[in-house]
Amino acid sequence: MKVAIIGGGAAGFFSAISVKLNFPNAHVTIYEKSPNTLSKVKVSGGGRCNVTNASKSISDLSSGYPRGSKLLKKLFHVFNNQHIIEWFETRGVELKTENEGKVFPVSNNSQSIVDCLMKEIETNQIKLICSASIVSIEESSNKIKLTINTPASETLLFDNVIVASGGSPKASGLDWLSKIGHKIETPVPSLFTFNIPNNSISELMGLSVNNALINVEGTKLKSNGPLLITHWGLSGPAILKLSALGARVLSEMKYSFNVRVNWTGESNHDHLLNSLKNIIKENPKKLVINSRPFSLPERLWSHLLVKCDIDPRKMWSEIGKKPLNKLANTLSNDLFEVKGKTTFKEEFVTCGGISLDSIDIQTLESKALKNLYFAGEILDIDGITGGYNFQAAWTTGYIAGKLS
């Protein structure tokens, strides 16, 4: 049996390994269009590789996917985060869990993951061909014919093909698959940070808040969690989660919208205002600058006071009702005008791809072409930051490799 894997990323490698697990005598070849394999694995998590998320239940794990959660919830019963953790650890890669359930190799080096996957490819005698892009794919006498653009362009027949070529920034990049009958969900970016030009908040770059509440004005989009101020605007897990949840909506808005930030994590405005009043009651003679509520970072507190026209050298007892209300409103409802986006580090993720309507949701086999399967980000599946996208790659690769 001859099997072709299109794509040399996490999903492609794991698909190939899964095929060999299920069909030890199969001849498996991975075709990667670029000169290098596993490039996203190498750069993920700042070069540490966020392998998966340590969510305790399948329900929690599947909730990390704005698109594809229903499908993955089914597939996670077959192969989930606990399985991939065990898979790597039984192959000598020690893993650890950090904040927000992020799982990394103990080595803090993505090379540990790359080396493990490469070793599995070699051990299982899986052939790897780089700089080989697929020109076309079609059915031919109950087999699948691939036209492959290598230095020596060739046409080959395979019994099974798994497409794991990753997300495409443009729908046109998937024309070779739409031509044979697959529905394409238009790709748009996911996991990006918000650009806020010409705003004094950027002076606080590098500063983070542990639990901010964020919402996009005029929509139902909201998120919470750590927020990071950068020299171009706002980032951090809360913003990245919001960008994933609102990938399509924000694209339609052409990345021009208002975002509201609650710096305190306190969603009840009356409780927030009462907290400030209690500070006045308990510390009337203290300088405002020296009594920071809600454990706010010192530089942020100073910035917000200036924004509210409150003299930081005043005593709390000197703060009138009107300035206090303005401060409470700014703490709970700070408004920023977003103009554009920036890709989060090198971790470009797409929302969109092969529609889940075009595949068998049990096997990931194409409904348009028998013995053709899909795995990874080429599917209309994507997760929030925190190891979810790699988990989708491992799971879909494992399932597709069953070839059933």
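Note: the structure precedes this text.
Every value quoted in this text rests on a predicted model; they were computed, and no experiment measured them.

Cut-off values and rules
Residues numbered from 1 in each chain as written. Predicted model: local features only at pLDDT ≥ 70, side-chain atom pairs only at ≥ 80, totals over all residues. Heavy atoms only, no water. Pairing = 2+ DSSP bridges. Helix = DSSP H or I, 4+ residues; strand = E, 2+ residues; numbered from the N terminus. Axes fitted to C-alpha atoms, helices over the stretch in contact; angles between N-to-C directions. Salt bridge = Lys/Arg side-chain N within 4 Å of Asp/Glu carboxyl O. Buried < 20%, exposed > 50% of the residue type's maximum accessible area, 1.4 Å probe, protein only. Parallel < 35°, antiparallel > 145°, perpendicular 65-115°, else oblique. Left-handed = near helix turned anticlockwise from the far one by under 90°. Contact = heavy atoms within 4.5 Å. Core = buried A, V, L, I, M, F, W, Y, C linked by side-chain atoms within 4.5 Å. Phe/Tyr/Trp six-rings, centres within 6.5 Å; stacked < 30°, edge-to-face > 60°. Lys NZ or Arg CZ within 6 Å of the ring centre and 35° of its normal.

Brief notes about the sheet that holds strand β9 (residues 154-158)
At step 1: The three strands lie next to each other as β7-β8-β9, forming an open sheet whose pairing is antiparallel. Each edge of the sheet is formed by a strand with only one pairing partner; in this case those strands are β7 (133-140) and β9. Within the sheet, the average angular offset between the axes of one strand and its neighbour, ignoring direction, is 25°.
At step 2: Bridge count for strand β8 (residues 143-149) against β9 is five bridges, and the pairing is antiparallel. Of the residues in β9, the one forming a bridge with Ile148 is Glu154.

As for the pattern of salt bridges
At step 1: Counting across every chain of the model gives 13 salt bridges.
At step 2: A salt bridge links Glu100 to Lys102; its shortest N-O distance comes to 3.8 Å.
At step 3: Given a relative accessible area of 39%, Glu100 falls into the partly exposed group.

Some points on the packing of helix α10 (residues 269-282) against helix α12 (residues 321-332)
At step 1: Running from N to C, α10 and α12 cross one another at 130°; their axes reach a closest spacing of 10 Å. By the angle class used here, α10 and α12 are oblique. The hand of the α10/α12 crossing is right-handed. Touching His269, Leu272, Leu273, Leu276, Lys277 and Ile280 of α10 are Leu324, Asn325, Leu327, Ala328, Asn329, Leu331 and Ser332, all from α12.

Structural notes on the nonpolar core
At step 1: Counting 79 residues, the largest nonpolar core has Phe88, Leu117, Leu146, Val161 and Trp394 as the members making the most contacts within it.
At step 2: For this core, the element with the most residues is helix α13 (residues 388-400), which contributes eight residues.
At step 3: Not counting chain neighbours up to four residues away, the residues in contact with Phe88 comprise Val51, Val93, Leu95, Ile113, Cys116, Leu117 and Trp394.
At step 4: One finds Ile279, Leu296, Trp301 and Ala328 within the second-largest nonpolar core, a separate group that totals 45 residues.

A look at the sheet that holds strand β6 (residues 127-129)
At step 1: In spatial order, the strands read β6-β2-β1-β10-β20; together these five strands make up an open sheet with parallel pairing. Where the open sheet ends on each side, the last strands, each with one partner, are β6 and β20 (372-374). Neighbouring strand axes in the sheet, compared pairwise and without regard to direction, differ in orientation by 20° on average.
At step 2: Where strand β1 (residues 2-6) meets strand β2 (residues 27-31), five bridges bridge the pair, whose relative direction is parallel.

Focus on the packing of aromatic side chains
Aromatic rings considered in pairs are described by the distance between their centres and by the relative angle of their planes.
At step 1: Inspection of every chain in the model, using the stated rule, returns 15 aromatic pairs.
At step 2: Measuring from centroid to centroid gives 5.0 Å for Phe14 and Trp87, while their planes differ by 70°, and the two rings are edge-to-face. Placement of the pair is Phe14 in helix α1 (residues 10-22) and Trp87 in helix α5 (residues 81-89), with a sequence separation of 73 residues.
At step 3: Owing to a relative accessible area of 11%, Trp87 belongs among the buried residues under this scheme.
At step 4: Within the aromatic cluster, the residues linked to one another by ring pairs are Phe14, Phe79, Trp87, Phe88, Phe390, Trp394 and Tyr398.
At step 5: A cation sits over an aromatic face here: Lys341 above Tyr255, 5.0 Å from the ring centre.

Focus on the side chain of Asn195
At step 1: Along the chain, Asn195 turns up in strand β12 (residues 192-195).
At step 2: In contact with Asn195, not counting residues within four places along its chain, are Trp232, Glu337, Val338, Lys339, Gly340, Lys341 and Thr342.

Description of unusual backbone geometry
At step 1: The phi torsion at Cys49 lies on the positive side, around 70°, for a residue other than glycine.
At step 2: Mapped onto the elements, Cys49 comes out in the loop between α2 (39-47) and β3 (52-53).
At step 3: Although it is not a glycine, Ser141 adopts a positive phi angle of roughly 50°.
At step 4: Positionally, Ser141 belongs in the loop between β7 and β8.

Thoughts on the pairing of strand β16 (residues 256-262)
At step 1: Looking at chain direction, strand β13 (residues 208-216) and β16 are connected through four bridges and run antiparallel. Its bridge partner lying in β16, Leu213 is registered against Asn262.
At step 2: Sheet analysis places β16 next to strand β17 (residues 334-339), joined by six bridges and oriented antiparallel. What sits directly across from Val261, in β17, is Asp334.

Details of the environment of Ser275
At step 1: Among the structural elements, Ser275 can be located in helix α10.
At step 2: Look at Ser275 and you get partly exposed, because its relative accessible area is 28%.
At step 3: Placed 19 residues apart in sequence, Ser275 and Phe294 show a C-alpha to C-alpha distance of 8.9 Å.

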